[in-house]
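Commentary on secondary and tertiary structure
So you can see what is in the structure, the chains are spelled out below.
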Amino acid sequence: MKLFIVFLFSVFCICSTVAAQSQPEYLPGKLIIKFEPEQEMARKSKTLGIHPKDQVLEIMEGFGLSKVKPVFDESAKDVVAQSLSKRNIDTPPEDVVDDLSRTYFIDYSSNYDPKTLSAKISGMSGVVYAEPHYVYYTEEIPNDTLYGMTGQNYFEYQNFPEAWEISKSSTDVVIAIIDSGVFYNHPDLVNKLHRIEPQPSPASQALEAVENDSIGWDFWESGDIYAGEDPVQTNDPIARWSVHGTHVAGIAAAETNNGIGIAGTGYNVSFMPVKAGGTQQYPRQIPYGMNGIIYAALNEADIINCSFGGEGYSKFGQDAVTFATEQGSLVVASAGNTGSDVPFFPASYHGALAVGSADLPSNSQTDQKSDYSTYGYDVDVFSTGRTVRSTGFEYDANEGIWTTTPDSLGYIFSTGTSMSAPIVSGLAALIKSQHPDWSPQRIAYQIRNTARPMDANHSSQFQYKLGRGVIDALAALTETMPGLEIMAIEFRNNDGEMLNVGEAGLAEITLINHGEPANPSVSISSLTDYVTILNGTLDLGNMATNETRVIELGITIDEGYDLEHTPVFNITFTDQNANYEDFSIQEYDDLLYQIISTDSLVMSFSNDGTIGFLNPFEQDGGIGFIPGGGENQLFEGGLIIQAEIEDTIYVPNQVRFTDEISRHFSPVQNIGLRSPELADVEAFAEFNSSNHPVASDLKVEMETYAFEGELINQMVFVRYAVTNTSSKIYNNVYVGLFNDWDIGTVDGNNVGYSEPDSLIFAFDGENEEEPFVAVAHMGVISSALAIDNTSVMTLEQAETRQDSLNFGIYYENGVGGMDGFTIEEKKLALTAGIEKTLLGSTDISIVTATGPFNLQEGGAVTVGFIYAYGEDLDELRRVVQAGRERELFSVTLTGTYHEGENPSIIETTRLYQNFPNPFSTDTQVQYDLAEPGGYVQLDVYNVLGQRVTTLVDDIQTDGRRVISYSPQGLASGVYLIVLRVDGEVYSRKMSLVK
């Protein structure tokens, strides 16, 4: 027996309901967290004052941390070394185990949604990723039992009889069946069961389990994990409650040429049953599929069949497939029965061979994809998952694949991509027996590149989404093929920077040839409009097995490119002498955001109003906000606008609402760097609110500015010019930025407010080494609001304006009070004034907003904000002051604006009405100075003409000023604010209401 690793016994405490299967499902109360290498974490611990892993675990204590288990313990290196040695793989074992030895299963008792919590943890120092524990399902379309032999007529279609003349595989080749258990006592299976050499298992003692498992492992025999029970694990992976795994095992490994029952495509191959789900209560759920993949690889399975899956992408899942591949195991996975092109996992993980379902054609038919089969760019090949095509809505029980069932004498028809995958696993076993030194990648590409293309028989919707077609077992064993794979691709303009719209550049592609030596050529074409190929084909000359090569192909992204979509390219490989042709679909994901950087601050903006990340819940499409060369401090940022149209208030925005982003803004001009005029680094983008059902007429031009130099390099300016492009009247327009900050820890953040600067800021109250961050106003403050993300607002609290600001923004489906960031809450957040600016030791967000404005037809306003950081509050204040004093651009005053007005140009000196007015604690006073160098005095008087206080007494340059005023010891009443500038007097009434 191979040594058990701790991951086998990482059982989970689960306490929630099952999500709808059409959505990615995960187990509540469970996270998977991967940390950076120890050397890097040790370096960061000097700055943090605590080891990053300990910091994460301290945070998890607040969520009811109950269990921490590494995927691999210290004994894993020796186990992997033995396995690699037996397979003649030269990779150092420490390199193979590194990722999984830094990955942990975490259980917690809190009811916080794992998706939200894991996204937060992902942004913490030292964390590579944190994610939920996804649950997948078996992928079988069930049939009624009908005994017969028609379901065994697919072998000739895929040329297996001829292939068996060349290779019948061997019992030394092992296919692991990761599934719902296998009834291995079936007469067609019992002699094919792989026996694992017994040996002591120290890791198994951690659970007082059986000392050896000579036939496999059962990760979940019983125990309602959805009701909080631990799964019962055993060393007997027999099928008791689900037929699925037995179906799969029979197709790949049933004893062939034994005079009974059915044939398996792997002929003499043996199989290893690994039960990853399939209990009496939950017969289809496979929550431990990734554990099963790792287990099978450690126990030297040559092929790992995964006839299960789901739509939830997991980085741990990708790590599991990568580990298996590095161990020398080929993962073969069913593409899914979704009937769509939605990515399906584990089939869509890099390194897995994804298998779709084809129908066995009649004499009048050609190759056809089964109507239920998933297709897409990630699917590699197809094999028969059905032997008779259904007609209409009538289901023919004889149309499936004839295979074994958990009955001593039983056979049954089964249909689906679950049946297609083991057919291919059997073929992989034939190749492995013939070429025992071939890598998993070479076997996979050999199967892919000898398949029969199906594209000609389908409409354009399937272009490049049917892989290389239907497998051909004979060709796979007789026609050795090259196998080119793209390892990396980068898109750069001619200056070596990120390729943008309207620019010429190149795709730099790193290739490896897993297969036969070849003389290939490589071509690139675009699957999206407004992309021009410049020099799209390159002959590579001779390319040996396992050789890598870096090439460049020229492209231009033209003006007019549709910025709602990522550019998609088809990279084609051909070698006419080898009768070889293959393709790889690549996407240019980085096009839609831009990195803005100084020597002290790096952050990213997108073309649609999101800031930091296009998709914050996945932490994708950006880099966040990284001060001083440290860690990202921003989980999510985005633009929110409120507008009143015909007495109804609407909120077009680009921030979260539940566990998704409101996508009301649509890009018009992609964000890109431009030649600097006012700053050292400048970028520009344009988007509009066309995706909002009503308030769809706002054009937003965004500019960002960054500088080098002391203090000024610790900030980025953001300017928004908002224009009403319709004949509607947009009244009470407020413009704000939402930012969910994670400074160091998730739940240890604080929010403070500096009255002299009108500055709301975030900081980590537990670690003074972490920075202070802020988004500073450059105009009137309509809101500086601190949000406790975790708060659950009661109905009583919602009855008054002050209490209504205590809302939280966490979302959990069906949980009262956790309704996400609602439209009503966004309205409050934009108009909250400075009532709630303090929070302590929680998960926080901040909304910074300005307004109100009234936009007539064609009316436009300019607003501005400054993203800034400092090592402490004093430095942050100095940074913000330096930014404001630079007066980089003018912002619009509150008021009404018509077409053609340019409110940012100050032509006359004036005093504006304070805001808010009336006010209870704080208000803001704005004034414009048209002439520089004048003497300015700003005073507050009571109704008796007595001066109450002086706010300004100084010589000032021209420009706009905003002064915050917090009266001390004054009673309610009417007061007069008076501005004197070089002998001219301006005044406004304001009302204090306590």
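Look a little higher up for the structure.
To keep things clear, this report deals only with the structure shown in the data block.

The rules behind the values
- Residues numbered from 1 in each chain as written.
- Predicted model: local features only at pLDDT ≥ 70, side-chain atom pairs only at ≥ 80, totals over all residues.
- Heavy atoms only, no water.
- Buried < 20%, exposed > 50% of the residue type's maximum accessible area, 1.4 Å probe, protein only.
- Helix = DSSP H or I, 4+ residues; strand = E, 2+ residues; numbered from the N terminus.
- Contact = heavy atoms within 4.5 Å.
- Core = buried A, V, L, I, M, F, W, Y, C linked by side-chain atoms within 4.5 Å.
- Axes fitted to C-alpha atoms, helices over the stretch in contact; angles between N-to-C directions.
- Parallel < 35°, antiparallel > 145°, perpendicular 65-115°, else oblique.
- Pairing = 2+ DSSP bridges.
- Polar contact = N/O pair within 3.5 Å; in protein donor to acceptor, adjacent residues only side chain to side chain.
- Arc of directions from axis to C-beta.
- 1 Å grid on protein atoms, 1.4 Å probe; cavity = no way out; pocket = protein on both sides within 12 Å on 5 of 7 lines; lining within 4 Å.
- Points joined across faces, edges and corners; volume = space filled by probe spheres on them.
- Left-handed = near helix turned anticlockwise from the far one by under 90°.
- Nonpolar A, V, L, I, M, F, W, Y, C, P; charged D, E, K, R; others polar.
- Patch = residues over 30% accessible without salt bridge, like charges linked within 9 Å, V, L, I, M, F, W, Y side chains within 5 Å.
- Areas by Shrake-Rupley, 256 points an atom, 1.4 Å probe, with all protein chains shown as cover.
- Salt bridge = Lys/Arg side-chain N within 4 Å of Asp/Glu carboxyl O.
- Lys, Arg positive; Asp, Glu negative; His and termini not counted.
- Charge placed at Lys NZ, Arg CZ, Asp CG, Glu CD.

Turning our eyes to something else, we now look at helix H5 (residues 114-122). Within H5, 8 of the 9 residues are buried, which leaves it mostly tucked inside the rest of the structure. Listing the buried residues of H5 in full gives Pro114, Thr116, Leu117, Ser118, Ala119, Lys120, Ile121 and Ser122. Residues of H5 that are buried in the fold lie against strand E1 (25-35), helix H2 (52-61), strand E3 (103-108), strand E4 (127-138), strand E30 (634-645) and strand E36 (730-741).

The tendency in soluble globular proteins is for nonpolar side chains to be buried side by side. With 56 residues, the main nonpolar core has Phe605, Tyr720, Trp741 and Tyr867 as its most contacted residues. Those residues in contact with Phe605 that sit more than four places away from it in its chain are Tyr593, Gln594, Ile596, Thr610, Ile611, Ile671, Met702, Thr704, Val716, Val718 and Tyr867. Counting 55 residues, the second-largest nonpolar core is a separate cluster that includes Ile32, Leu100, Tyr226 and Ala354.

Here Leu711 shows up in the loop between strand E34 (698-706) and strand E35 (715-724). A C-alpha to C-alpha distance of 8.5 Å links Leu711 and Gly883, two positions 172 residues apart in sequence. Ignoring any residue separated from it by four or fewer positions in sequence, one finds Leu711 in contact with Glu875, Arg878 and Val879.

Take the packing of helix H1 (residues 38-48) against H2 next. Put simply, H1 and H2 touch, their axes get as near as 8 Å, and they point 65° apart. Looking at the two axes, H1 sits roughly perpendicular to H2. Where H1 approaches H2, its residues Met41, Lys44, Ser45 and Leu48 are matched on the opposing element by Pro52, Lys53 and Gln55.

On to the sheet that holds strand E32 (residues 666-674), then. If you trace the 9 strands from one edge of the open sheet to the other, you get E32-E33-E34-E35-E43-E39-E38-E37-E41, paired in antiparallel fashion. This sheet does not close on itself; its edge strands, each paired only once, are E32 and strand E41 (839-842). Neighbouring strand axes in the sheet, compared pairwise and without regard to direction, differ in orientation by 15° on average. Pairing of E35 with strand E43 (residues 860-870), which is carried by 9 bridges, proceeds in the antiparallel orientation. From the neighbouring strand, Val716 faces E43, where its bridge partner is Tyr867. Contacts between helix H15 (residues 873-886) and the sheet are confined to E35, strand E37 (749-754), strand E38 (759-764), strand E39 (772-777) and E43, with E43 contributing the most and set at about 150° to the helix.

This part is about the side chain of Ser180. Structurally, Ser180 can be placed in the loop between strand E5 (174-179) and strand E6 (217-222). Here Gly245 takes part through its backbone nitrogen, which lies 3.1 Å from a polar atom of the side chain of Ser180.

On to the pairing of strand E23 (residues 548-557). Summarising the sheet, strand E19 (residues 503-513) and E23 pair through 10 bridges and their orientation is antiparallel. Bridge assignment links Leu506 to a residue of E23, and that residue is Gly554. By the bridge criterion, 4 bridges tie strand E21 (residues 531-535) to E23 in an arrangement that is antiparallel. Paired with Val531 across the two strands is Ile557, which belongs to E23.

Our next topic: helix H4 (residues 93-101). Looking only at H4, the buried set comprises Pro93, Val96, Val97 and Leu100. Taken end-on, H4 shows its buried residues confined to a sector of 80°, consistent with a single buried face. Packing partners of the buried residues in H4 comprise helix H3 (76-86), E3, helix H8 (289-298) and helix H9 (315-326).

Counted by the stated rule, this structure contains 4 cavities of 30 Å³ or more. Forming the boundary of the largest cavity are Ile32, His133, Tyr134, Tyr136, Ile286, Pro287, Gly289, Met290, Ser314 and Phe316. Elements that contribute at least two residues to the lining of the largest cavity include exactly E4 and H8. Here the lining of the largest cavity gets 3 residues from one element, more than from any other, and that element is E4.

Between H8 and H9, the shortest axis-to-axis distance is 9 Å and the interhelical angle comes to 15°. Taken together, the axes of H8 and H9 lie roughly parallel to each other. Regarding H8 and H9, the two cross each other, and that crossing is left-handed. On the side of H8, the interface is formed by Met290, Ile293, Ile294, Ala297 and Leu298, while H9 contributes Phe316, Gly317, Ala320, Val321, Phe323 and Ala324. Here the residues of the contact of H8 with H9 are counted per class, giving 10 nonpolar, 1 polar and no charged.

Turning to the sheet that holds E23, a few remarks are in order. The 4 strands lie next to each other as E18-E19-E23-E21, forming an open sheet whose pairing is antiparallel. Only two strands of the sheet have a single neighbouring strand rather than two, namely strand E18 (484-493) and E21. Each strand axis lies, on average, 30° off the axis of its neighbour in the sheet, ignoring direction.

So, on to a negative patch on the surface. On the surface, a cluster of negative charge is made up of Asp378, Glu490, Glu587, Asp589, Asp590, Glu618 and Asp620. By the element assignment, Asp620 lies in the loop between strand E28 (610-611) and strand E29 (625-627). Overall, the relative accessible area of 40% leaves Asp620 in the partly exposed class.

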